[in-house]
Amino acid sequence: MNAVVAPFADPACARAPRGWRADLSLAYARRGERSVLVRRSHVGPLVVQRPLYPEGDAVCHTILVHPPAGIAGGDSLQVTVRVEDGAHALLTTPGAGKWYRSAGAPGSLVQRIAVAAGGVCEWLPQESIVQDGALGELATEVSLQGDACFIGSEMLCFGRTASGERFGRGEMAMRIRIERDGRPLWLERGVLRGGDALLGAAVGLQGQPVSGSFVVASPRCNADLLAAWRDIVPAAGEGGVTLLPGLLVARWLGPACEPGREWFARLWAGVRPAVAGRAAQTPRIWNT
């Protein structure tokens, strides 16, 4: 499963052979009319900035910061988020993440999110760039209770396309599980290997370097929201939307991250009032 690539001179590889170990744990609760970050703890280089309230007290915006700026071979990162009854948290990142080339060991990122009944969690990191030769393992586990709502996105750019790089070596393994009251809503696993035919195949990435998913898990997902999403067409690339019981899923393939981000933002604006009771307000960090 693990491809072996030649060592390289990237600064991120100048770490101890065992790599970074980082854990971040966050918990949000409702205090009166305010959603509050009531607990945060971290080990290693993974932190959050102070809570922000650009929408008023009801929604707590939080920016996750990883000072090394990317994940290298041997790194192991874990993020745990708990949103209590009635609280509303929006989490994002200050810029594009990176999966660096590896000298042989995989890096990993595990994201665990639990949302209690009446809670809303919006997990909206900016895109990640998977460098040629990267070895990565990305897992997202979402546990919902009752009528909890989860809105999440993930966008991966395979290769540093601005410099003409393609994903010719390495491997990226991904899995996601979303469950409600212990029953699965969405289970997915995938592995993309550098240079594999799947990168260009019609059933794969169709030759496009950027792949993205946008997911809404809510009992309020219905045919009307699906129809509204189908009226929102991406400016570039190829997009498709699907309705499953309690779940809306959008997929996008394209030549660069910007049109995918723009399409996801319009989908978010179209669905957020119905499932979260508020109009979408773009985090300011996205504009910097």
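These lines cover the structure that appears in this document, whether it is placed above or below.

Helices and strands together make up the secondary structure of the protein, namely two helices and 17 strands. Taking 19 Å as the expected radius of gyration for a compact globule of 288 residues, we find that the protein reaches 18 Å, a close match to that expectation. Once the C-alpha set of the protein is aligned to its principal axes, its extents read approximately 55 × 40 × 40 Å. Expressed as a percentage of its 288 residues, the buried residues of the protein come to 48%. Residue pairs in contact within the protein that sit at least 24 positions apart in sequence constitute 72% of those at least 6 positions apart. Counting only carbon and sulfur atoms, one obtains 53% of the accessible surface of the protein, whose full area is about 12,600 Å². Positive and negative side-chain charges of the protein, numbering 30 and 26 respectively, have mean locations separated by a distance of 4 Å.

Turning our attention to the pattern of salt bridges. For the structure shown, the criterion picks out 15 salt bridges. For glutamate 141, the salt bridge goes to arginine 175, with nearest N and O atoms at 3.1 Å. In this pair, glutamate 141 sits in strand β11 (residues 135-144) while arginine 175 sits in strand β13 (residues 171-180), placing the two residues 34 residues apart along the sequence. When its relative accessible area of 23% is taken as the criterion, glutamate 141 is described as partly exposed. Salt bridges linked by common partners bring Glu55, Glu122, Arg272 and Arg278 together as one network.

Looking at the secondary structure, you find tryptophan 268 in helix α2 (residues 257-276). Overall, tryptophan 268 belongs to the buried group, its relative accessible area being 2%. For tryptophan 268 and serine 163, which are 105 residues apart along the polypeptide, the C-alpha to C-alpha distance reads 30 Å. Apart from the residues lying within four places of it in its own chain, the contact partners of tryptophan 268 are Leu90, Glu122, Leu124, Ile151, Phe214, Ala280, Gln281, Thr282, Pro283 and Trp286.

With that out of the way, let us pick up α2. Taking the largest bend as the criterion, α2 deviates by roughly 35°, centred on glycine 270, and proline proline 273 comes between one and four positions later. Every buried residue of α2 is accounted for by Cys257, Pro259, Gly260, Trp263, Phe264, Leu267, Trp268, Val271, Arg272, Val275 and Ala276. The positive-phi residue at the C-terminal boundary of α2 is glycine 277, with phi of around 75°.

A separate point is the sheet that holds strand β14 (residues 183-193). Taken together, seven strands build an open sheet; the order of strands is β2-β1-β5-β8-β11-β13-β14 and the sheet is mixed. Only two strands of the sheet have a single neighbouring strand rather than two, namely β2 (34-43) and β14. Between one strand axis and the next, the sheet turns by 10° as a mean value, whatever way the strands run. Note that strand β1 (residues 21-31) and β2 share nine bridges and pair antiparallel. Following the sheet pairing, tyrosine 28 is matched in β2 by leucine 37.

Here we take up the environment of leucine 205. Its place among the elements puts leucine 205 in the loop between β14 and β15 (210-217). Judged by its relative accessible area of 9%, leucine 205 falls in the buried class. Placed 29 residues apart in sequence, leucine 205 and isoleucine 176 show a C-alpha to C-alpha distance of 18 Å. Contacts of leucine 205, omitting those with residues within four sequence positions, involve Phe158, Leu192, Leu198, Leu199, Ser211 and Leu253.

Calculation notes
- Residues numbered from 1 in each chain as written.
- Predicted model: local features only at pLDDT ≥ 70, side-chain atom pairs only at ≥ 80, totals over all residues.
- Heavy atoms only, no water.
- Helix = DSSP H or I, 4+ residues; strand = E, 2+ residues; numbered from the N terminus.
- Rg over C-alpha atoms; globule rule 2.2 N^0.38 Å.
- Buried < 20%, exposed > 50% of the residue type's maximum accessible area, 1.4 Å probe, protein only.
- Contact = heavy atoms within 4.5 Å.
- Areas by Shrake-Rupley, 256 points an atom, 1.4 Å probe, with all protein chains shown as cover.
- Lys, Arg positive; Asp, Glu negative; His and termini not counted.
- Charge placed at Lys NZ, Arg CZ, Asp CG, Glu CD.
- Salt bridge = Lys/Arg side-chain N within 4 Å of Asp/Glu carboxyl O.
- Bend = angle between axes of the 7 residues up to and from the residue.
- Pairing = 2+ DSSP bridges.
- Axes fitted to C-alpha atoms, helices over the stretch in contact; angles between N-to-C directions.

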